[in-house]
Number of protein chains: 2
Amino acid sequence: MTEITTGADVVTLINVFTVAPERQQELLDLLDRATEEVMRHRPGFVSANLHASLDGGHVANYAQWESEAAFQAMLADPECREHMSAATAMADAVPVLYRVSSTHNR
Amino acid sequence: MTEITTGADVVTLINVFTVAPERQQELLDLLDRATEEVMRHRPGFVSANLHASLDGGHVANYAQWESEAAFQAMLADPECREHMSAATAMADAVPVLYRVSSTHNR
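Residues numbered from 1 in each chain as written. Chains lettered and ligands numbered in written order. Predicted model: local features only at pLDDT ≥ 70, side-chain atom pairs only at ≥ 80, totals over all residues. Heavy atoms only, no water.

Could you clarify how one ought to interpret the sheet that holds strand 4 (residues 58–65) of chain B in this entry?
For sheets, the rule is that strands pair by backbone hydrogen bonds, running either parallel or antiparallel. On the basis of which strands lie adjacent, the closed barrel formed by 8 strands has the order 2(A)-4(A)-3(A)-5(B)-2(B)-4(B)-3(B)-5(A) and antiparallel pairing. For this sheet, the mean angle separating the axes of adjacent strands, direction not counted, is 35 degrees. Bridge count for strand 3 (residues 45–53) of chain A against strand 4 (residues 58–65) of chain A is 7 bridges, and the pairing is antiparallel. Its bridge partner lying in strand 4 of chain A, A48 of chain A is registered against A63 of chain A. In the packing of helix 1 (residues 24–37) of chain A onto the sheet, the strands contacted are strand 2 (11–19), strand 3, strand 4 and strand 5 (91–105) of chain A together with strand 5 (91–105) of chain B, and the crossing angle to strand 3 of chain A comes to about 170 degrees. Packed on one face of the sheet, helix 1 (residues 24–37) of chain B meets strand 5 of chain A together with strand 2 (11–19), strand 3 (45–53), strand 4 and strand 5 of chain B and runs near 175 degrees to strand 3 of chain B. (Pairing = 2+ DSSP bridges. Helix = DSSP H or I, 4+ residues; strand = E, 2+ residues; numbered from the N terminus. Axes fitted to C-alpha atoms, helices over the stretch in contact; angles between N-to-C directions. Contact = heavy atoms within 4.5 Å.)

Spelled out as structure tokens, the structure:
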């Protein structure tokens, strides 16, 4: 299970896709398969969590990798690139790498 | 600690800010204070997690609320609006509400 904490030894990818609502489920299915069959087996993968926007127009992936280098190596992998091209053919993607800065709880 | 699971009884806000790198820390500080002093005490708040992009140009908030209604009530609260206005005066914000669709682990 993905846990969000400061000081964890991971980098966080937040990738927000903008998609036509009628294709949201198709994009979720594609990202599910790509994650399960390909990305999950790449060195340094920790977790990925797919989110469906309530308005139908977005999909977000909240993912953790062991390092920025591991994430960049995945991006350069031809099999991964093929899956990402299929996703970006149906949606605009804004992938950004982060560190957790602070956490607040009720 | 924030945990990401399917079926949890929360809605997820992912708010991605685009900010000038020289103001990233200022934005993080403002959001930290607003979350700790105001948002955290509103009904239905579960958690908020501030993220700093490695490239300096973004800040992301991954937050959980008990319901969409609780989140909308917070948005309508004048004290909360004042804090959000201060944030959006220094950065473009794209706030989107999500449900967790699927999770994948190594």
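So what exactly am I meant to see when it comes to the interface of chain B and chain A here?
How big an interface is tends to be expressed through the accessible area that disappears when the partners come together. The interface of chain B with chain A comprises 41 residues on the first partner and 42 residues on the second. The tally of links between chain B and chain A comes to 2 salt bridges. One salt bridge connects E66 of chain B with R106 of chain A, and the closest N-O pair in it is separated by 2.9 Å. In this assembly, chain B and chain A are joined by 26 residue pairs in polar contact (both at pLDDT 80 or more). At the level of elements, strand 1 (2–4), strand 2, helix 1, strand 3, strand 4 and strand 5 of chain B are the ones that each hand at least two residues to the side of chain B that touches chain A. Residue contributions to the side of chain B that touches chain A peak at 10 residues, all from strand 5 of chain B. Grouping the amino acids of the side of chain B that touches chain A by side-chain chemistry returns 19 nonpolar, 14 polar and 8 charged. Inspection of the sheet shows strand 3 of chain A paired to strand 5 of chain B by 7 bridges, in the antiparallel sense. Residue pairing across strands places A48 of chain A opposite H104 of chain B, the latter belonging to strand 5 of chain B. (Salt bridge = Lys/Arg side-chain N within 4 Å of Asp/Glu carboxyl O. Polar contact = N/O pair within 3.5 Å; in protein donor to acceptor, adjacent residues only side chain to side chain. Nonpolar A, V, L, I, M, F, W, Y, C, P; charged D, E, K, R; others polar.)

What's the story with the nonpolar core in this structure? I'm lost.
Grouped burial of nonpolar side chains is what soluble globular proteins tend to show. Ranked by internal contacts, the top residues of the largest apolar core, which has 16 residues, are I14 and Y62 of chain A together with I14 and Y62 of chain B. Counting residues per element, the ones that place at least two in this core are strand 2, strand 4 and strand 5 of chain A together with strand 2, strand 4 and strand 5 of chain B. Not counting residues up to four positions away in its chain, the partners in contact with I14 of chain B are I14, H51 and A60 of chain A together with N61, Y62, V94, P95, V96 and Y98 of chain B. (Core = buried A, V, L, I, M, F, W, Y, C linked by side-chain atoms within 4.5 Å. Buried < 20%, exposed > 50% of the residue type's maximum accessible area, 1.4 Å probe, protein only.)

Hey, could you run me through the environment of M1 of chain A in this one?
Take M1 of chain A: it is sitting in the segment before strand 1 (2–4). Among the residues examined, M1 of chain A registers a relative accessible area of 54% and is labelled exposed. On a C-alpha basis, the gap between M1 of chain A and L97 of chain A in space is 20 Å, while along the polypeptide they are 96 residues apart. Sequence-distant contacts of M1 of chain A, defined by excluding residues within four places in its chain, comprise E3, I4, T5 and N105 of chain B.

Can you help me understand the side chain of S102 of chain A in this one?
Checked against the element boundaries, S102 of chain A lands in strand 5. Of the residues examined, S102 of chain A reaches a relative accessible area of 11% and is grouped as buried. A polar contact of 2.5 Å, which involves the side chain of S102 of chain A, links it to the side chain of D32 of chain B. When sequence neighbours within four positions are dropped, the list of residues in contact with S102 of chain A reads T6 of chain A together with D32, A48, N49 and L50 of chain B.

For this particular structure, what's the right way to read the packing of aromatic side chains?
Each aromatic ring pair is specified by the distance between its two centres and by the angle formed by the two planes. Residues and elements named next belong to chain B. Enumeration over the complete set of coordinates arrives at 5 aromatic pairs over all chains. Considering the side-chain rings of F45 and W65, the 5.5 Å spacing of their centres and the 90 degrees angle between planes classify their relative orientation as edge-to-face. With F45 in strand 3 and W65 in strand 4, the pair connects residues that are 20 residues apart, well separated along the chain. Its relative accessible area of 2% is what places W65 among the buried residues. Aromatic pair W65 and F71: ring centres 6.1 Å apart, planes at 70 degrees, arrangement edge-to-face. In this structure F71 comes out as buried when scored by relative accessible area, which is 6%. (Phe/Tyr/Trp six-rings, centres within 6.5 Å; stacked < 30°, edge-to-face > 60°.)

That is the geometry; function is a separate question.
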